[in-house]
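Understanding the architecture of this molecule
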Amino acid sequence: SEPAPTPSPSDSAMSACLAYDQWPSVDGDVTCGSCRALVLTAPFDGRCDTYCESFGHVCSAAAEEQNEDCVVKYHAECDQQILGTSDMLCTCRLPS
């Protein structure tokens, strides 16, 4: 099979994930750019991998935020439960 063409830098960032209006359960419409958003933990068992997979993406990063914002309090693994909070920062990308 032929290698896929390399996207130009300008459109690779945009095509890495769906537009935020198609992301489920975003908390207060807080999005952080680079395919990261503040999302509710409850429907997804506090796990970003479960969240990202719920709309056909894969998790590339997970974190707890400082205060309903994009400031990272601590990083977590994609399959790690983020407990004791109502929301989490998930970075989701379309599968390559």
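Below or above, wherever it landed, is the structure these notes cover. (Residues numbered from 1 in each chain as written. Predicted model: local features only at pLDDT ≥ 70, side-chain atom pairs only at ≥ 80, totals over all residues. Heavy atoms only, no water.)

One pass over the full model with this rule turns up 1 salt bridge. Asp49 is the partner of Arg47 in a salt bridge, and the nearest nitrogen-oxygen pair spans 2.7 Å. (Salt bridge = Lys/Arg side-chain N within 4 Å of Asp/Glu carboxyl O.)

Let us look at the environment of Val58. By the element assignment, Val58 lies in strand S3 (residues 58-65). For the pair Val58 and Cys17, spaced 41 residues apart in the sequence, the C-alpha separation amounts to 9.4 Å. Not counting residues up to four positions away in its chain, the partners in contact with Val58 are Cys52, Thr91, Cys92, Arg93, Leu94 and Pro95. (Helix = DSSP H or I, 4+ residues; strand = E, 2+ residues; numbered from the N terminus. Contact = heavy atoms within 4.5 Å.)

In this section: the state of the cysteines. Evaluated as defined, the whole model comprises 5 disulfides. Covalently, Cys17 is tied to Cys35 through a disulfide, its sulfur atoms 2.1 Å apart. On the sign convention where negative means left-handed, the S-S torsion of about -90° between Cys17 and Cys35 marks this disulfide as left-handed. In this pair, Cys17 is assigned in the loop between helix H1 (9-15) and strand S1 (26-33) and Cys35 in the loop between S1 and strand S2 (36-40), connecting sequence segments 18 residues apart. Like Cys35, Cys17 is buried. Covalently, Cys59 is tied to Cys78 through a disulfide, its sulfur atoms 2.0 Å apart. (Disulfide = S-S within 2.5 Å. Buried < 20%, exposed > 50% of the residue type's maximum accessible area, 1.4 Å probe, protein only.)

Trp23, Val39, Tyr51, Met88, Cys90 and Cys92 are the most contacted members of the largest nonpolar core, which totals 20 residues. Contributions of two or more residues to this core are made by S2, helix H2 (48-53), S3 and strand S5 (87-93). (Core = buried A, V, L, I, M, F, W, Y, C linked by side-chain atoms within 4.5 Å.)

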